[in-house]
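Listed below are the residues making up each chain.
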Amino acid sequence: GESVTKRLDASKACEARDAFAKATYASLFEWLVRRVNDRFSQLERTLEGTTSSSWTTSFAVLDIYGFETFETNSFEQLCINYANERLQQRFNEALFQTEQEEYAREEIDWTKVSFEDNQKCVDVIDGKAGKAAKHRNGVLALLDEQCAFPKSTDATFARACADALGKDDATEGNAFKTNKRDPESFFTIRHYAGDVTYDVSGFIAKNKDEVPESA
């Protein structure tokens, strides 16, 4: 085959290397899941002829890191903590909200259990303008928006978050808090497990998942 050599400076070479490695890992993972599901389908078709029951198979992976807060918290911690917020929300719905609604319908005598609703935190992270009149773009939507701008930086992203989400940071229950000393480098999110201050350094680069032509 034909070989093409393109000279890059150190920073561009590192970006191309990282993007290529990430794309390779994602493709390998998708290939592995597809092979497992294909195998399940083959077994299902084989067994259908020997049993009267209907077979349904599924393959799922749940990898729970646990809530993270370190001296320096970056994009990885935001993603992990967001996943935990979603899991906590699902837990609240299944264990508290849904069960108690069922008790009420069946008129069961029980003591109502109160729980902390983390919807405001979820909205701050993944909210999208237009979902409802009160919703604004959340941190992730603002990050995607900034990544689409050629001249965006981590500082412009942090400022966009402060402008969109930090206006009401003094309001009780608001999950976003602007860093008053350095609003272009840090912001704080009030998670169900506690407040976490995020350092935005590298957010733009880490969120870009396209493989550049130079790779």
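Throughout what follows, the structure given in this document is the object of discussion. (Residues numbered from 1 in each chain as written. Predicted model: local features only at pLDDT ≥ 70, side-chain atom pairs only at ≥ 80, totals over all residues. Heavy atoms only, no water.)

## Quick word on a nonpolar patch on the surface
Okay, step 1: A cluster of nonpolar side chains, namely Leu-28, Trp-31 and Leu-32, defines an oily patch on the protein surface of about 310 Å² accessible area.
Okay, step 2: Residue placement: Leu-28 occurs in helix α1 (residues 10–48). (Patch = residues over 30% accessible without salt bridge, like charges linked within 9 Å, V, L, I, M, F, W, Y side chains within 5 Å. Areas by Shrake-Rupley, 256 points an atom, 1.4 Å probe, with all protein chains shown as cover. Salt bridge = Lys/Arg side-chain N within 4 Å of Asp/Glu carboxyl O. Helix = DSSP H or I, 4+ residues; strand = E, 2+ residues; numbered from the N terminus.)

## Remarks on the packing of helix α4 (residues 139–147) against helix α5 (residues 154–165)
Describing two packed helices takes the angle between their axes plus the distance from one axis to the other.
Okay, step 1: Closest axis-to-axis distance for the α4/α5 pair is 10 Å, and the angle between their directions is 135°. In this view, α4 runs oblique relative to α5, as classed from their interaxial angle. At the point where α4 passes α5, the crossing takes the right-handed sense. On α5, the residues touching Val-139, Leu-142, Leu-143 and Gln-146 of α4 are Thr-156, Phe-157, Ala-160, Cys-161, Ala-164 and Leu-165.
Okay, step 2: Its residues assigned to classes, the contact of α4 with α5 shows eight nonpolar, two polar and no charged. (Axes fitted to C-alpha atoms, helices over the stretch in contact; angles between N-to-C directions. Parallel < 35°, antiparallel > 145°, perpendicular 65-115°, else oblique. Left-handed = near helix turned anticlockwise from the far one by under 90°. Contact = heavy atoms within 4.5 Å. Nonpolar A, V, L, I, M, F, W, Y, C, P; charged D, E, K, R; others polar.)

## Some words on the packing of aromatic side chains
Okay, step 1: Scanning the model with the defined rule gives eight aromatic pairs in all.
Okay, step 2: With centroids separated by 5.8 Å and ring planes inclined at 40°, the aromatic side chains of Phe-187 and Tyr-198 adopt a geometry described as tilted. With Phe-187 in strand β2 (residues 186–191) and Tyr-198 in strand β3 (residues 194–199), this residue pair connects regions lying 11 residues apart in the sequence. Tyr-198 carries the same exposure label as Phe-187, and that label is buried.
Okay, step 3: Grouping aromatic residues by their ring pairs yields a cluster made of Phe-75, Phe-157, Phe-176, Phe-187, Tyr-198 and Phe-203. (Phe/Tyr/Trp six-rings, centres within 6.5 Å; stacked < 30°, edge-to-face > 60°. Buried < 20%, exposed > 50% of the residue type's maximum accessible area, 1.4 Å probe, protein only.)

## Comments concerning helix α3 (residues 119–126)
Okay, step 1: Taken across its eight residues, α3 has six buried, putting it largely inside the fold.
Okay, step 2: Buried within α3 are the following residues: Cys-121, Val-122, Asp-123, Val-124, Ile-125 and Asp-126.
Okay, step 3: Lining the buried residues of α3 we find α2 (75–105), α4, α5, β1 (176–178) and β2.

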